[in-house]
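So the chains spell out like this:
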Amino acid sequence: MDALNLEDYVASEPRKLYEMPKCSKSEKIEDALLWECPVGEMLPNPSDYRSSLIALTAHNWLLRISASTGRVLEKIYLASYCKFRYLSWDTPQEVIAVKSAQNKGSALARQAGLPQPVLLYLAVFHVLPFSLIGILEINKKIFGNVTDATLSHGILIVMYGSGLVRLYSFQAITEQFMQQKLDLGCACRWGGTAGTVGEAPFGIPCNIKLTDTPPPLFEVSSLENAFQIGGHPWHYIITPNKKKQKGVFHICALKDNSLAKNGIQEMECCSLESDWIYFHPDASGRIIHVGPNQVKVLKLNEIENTSGQHQISEDFVILANRENKNENLPTVTASGRVVKKKFNLLDDDPEQETFKIVDYEDELDLLSVVAVTQIDAEGKAHLDFHCNEYGTLLKSIPLVESWDVTYSHEVYFDRDLVLHIEQKPSRVFSCYVYQMVCDPGEEEEATNRN
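Rules used in this analysis
- Residues numbered from 1 in each chain as written.
- Predicted model: local features only at pLDDT ≥ 70, side-chain atom pairs only at ≥ 80, totals over all residues.
- Heavy atoms only, no water.
- Core = buried A, V, L, I, M, F, W, Y, C linked by side-chain atoms within 4.5 Å.
- Buried < 20%, exposed > 50% of the residue type's maximum accessible area, 1.4 Å probe, protein only.
- Helix = DSSP H or I, 4+ residues; strand = E, 2+ residues; numbered from the N terminus.
- Pairing = 2+ DSSP bridges.
- Axes fitted to C-alpha atoms, helices over the stretch in contact; angles between N-to-C directions.
- Contact = heavy atoms within 4.5 Å.
- Phe/Tyr/Trp six-rings, centres within 6.5 Å; stacked < 30°, edge-to-face > 60°.
- Arc of directions from axis to C-beta.

Undergrad: What's the story with the nonpolar core in this structure? I'm lost.
TA: One broad rule of soluble globular proteins: the nonpolar side chains tend to lie buried together. In terms of nonpolar packing, the biggest core is built from 26 residues, with Leu62, Leu78, Phe84, Ile96, Val98, Phe125 and Ile204 touching the most fellow members. Of all the secondary structure elements, the ones that give two or more residues to this core are β3 (52-57), β6 (84-91), β7 (95-100), β8 (118-127) and β9 (130-139). The leading source of residues in this core is β8, at five residues. Grouped together as the second largest cluster of nonpolar side chains are 24 residues, Ile142, Phe143, Ala149 and Val158 included.

See the structure below:
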């Protein structure tokens, strides 16, 4: 796939490329990621060069699907000993992690009060080419009373009910505790059973089991285990571990836990859904703070004439397109007296344009913002592209399908592809794929301007 330059992209229009067909019960999609085709890589199979969707089915099949045709390119059966449910990038476009549902144990075991030491499993894969790293077991006998775990940028993040968050090196764990290297499609004997790795019914054995607790790289306490790390130099973002501090974010230096100047960020908004904050994925060290009606991009700068102290300042703000509805509405009582009432709508009132998703496309250096407005009985959404450096709005495109605000939604944007995943009740998923194509008239006009 040829790369688009920014001028071509701004002059392009979206078209729905395809809607993924409804799957049988055994192939119902649980989660999906978009894998863009590599540039300048030597890969073993021709299909490895195709942009793909990585999809996880309800029955533990991992599918690689052509992003241009919807055809299944590769199928991997994960395992029968747990239920895999979540897909995420460990390292974007390089490593993916597939997380299982948490192990609740059988009803009989729960009634008998038998402990369930294994909380969950993490299956980790390289995508260029698609290959197995291993399946990691998260065991309470090793990590203690852990409540959740995930992978991010090579770091195993383990969370506890008290709000404690601990970080471990996944590479160090793999080197020390991998029992056997496994390769997809190769014959394997495991626990007295023989089969082919990645094929049903054998699947992939759990080959990374810790026998001792590794040393943590870092630990901190935060409300609801909320924790972000990034910036230059390294900083982290937490919410103080008290309920009354919900919605308050502290930005601190990793080296000494000192709070940055202006490092307490709180967005003054009245809404049903909380605002959220994270380090900008463009590696600029900036911070994105998203509320229902505004997106703040913050800078982390060193204060002059100080010994390494840093401060937070505003880079730019993206505001929702709204009318001022805080009006004094007069009413007349039975006696004829005029009474004025002031109505204050919530900041995420569905009849007002509300920001739902913010993402970043690294090759085009664009911020994408999904804004939703409830119109009559259905919601309509549009995807806005903003200049990542200044926040300027470059283009806005409507999504064809309606947006029900009571459903769960995910939108992924990568080069000329937009992927919208909608989760309806009873875990019914719909997946809409759009491709940006250049409008010849606008393209010619852009060329003439240049």
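Once the structure has been displayed, the description carries forward.
Undergrad: Can you help me understand the sheet that holds strand β10 (residues 146-152) in this one?
TA: Strand pairing in a sheet relies on backbone hydrogen bonds. The paired strands run either parallel or antiparallel. Spatial strand order, β10-β11-β12-β15: four strands in an open sheet with antiparallel pairing. The open sheet has two free edges, formed respectively by β10 and β15 (218-221), since each of these has just one partner strand. Across this sheet, the average inter-strand angle for adjacent strands is 20°, counted without regard to direction.

Undergrad: How should I be thinking about the sheet that holds β9 in this particular structure?
TA: Pairing is antiparallel across the open sheet formed by four strands, whose spatial order is β6-β7-β8-β9. For this open sheet the edge positions go to β6 and β9, each flanked by a neighbour on one side alone. This sheet shows a mean twist of 20° between the axes of neighbouring strands, independent of strand direction. For β8 and β9, the ladder comprises nine bridges, and the chain directions are antiparallel.

Undergrad: Any chance you could explain the environment of Ile138 here in plain terms?
TA: Note on placement: Ile138 falls in strand β9. Excluding residues within four positions of it along the chain, Ile138 makes contact with Pro117, Val118, Leu119, Leu120, Leu122, Phe143, Val146, Ala149 and Leu156.

Undergrad: What exactly am I supposed to notice about the packing of aromatic side chains here?
TA: How two aromatic rings sit relative to each other is given by the distance of their centres and the angle of their planes. In the structure shown here, the tally under the stated rule is eight aromatic pairs. Aromatic side chains Phe143 and Tyr168 sit 5.5 Å apart centroid to centroid with 70° between the ring planes, which places their arrangement in the edge-to-face category. Highlighted residues: Phe143 in helix α3 (residues 140-143) and Tyr168 in strand β12 (residues 164-169), separated in sequence by 25 residues. Accessibility expressed as a relative area gives 2% for Tyr168, which makes it buried. Arranged with centres 4.7 Å apart and planes meeting at 40°, the rings of Phe385 and Phe413 form a pair that is tilted. Here the residue Phe385 occupies a position in strand β28 (residues 378-387), and Phe413 occupies one in strand β30 (residues 408-414), the gap between them amounting to 28 residues. On the basis of relative accessibility, which here comes to 1%, the residue Phe385 falls in the buried class. Each residue in the set Phe218, Phe227 and Tyr236 is aromatic and connected to the rest through ring pairs, giving one cluster.

Undergrad: What is the right way to read helix α4 (residues 170-177) from this model?
TA: Within α4 the residues assigned to the buried category are Phe170, Ile173, Thr174 and Phe177. Within α4, the buried residues cover an arc of 100° as seen down the axis, which keeps them to one side. Turned more than 90 degrees away from the buried face of α4, the exposed residues are Gln171, Glu175 and Gln176. Next to the buried residues of α4 lie β8, β9, β10, β11 (155-160) and β12.

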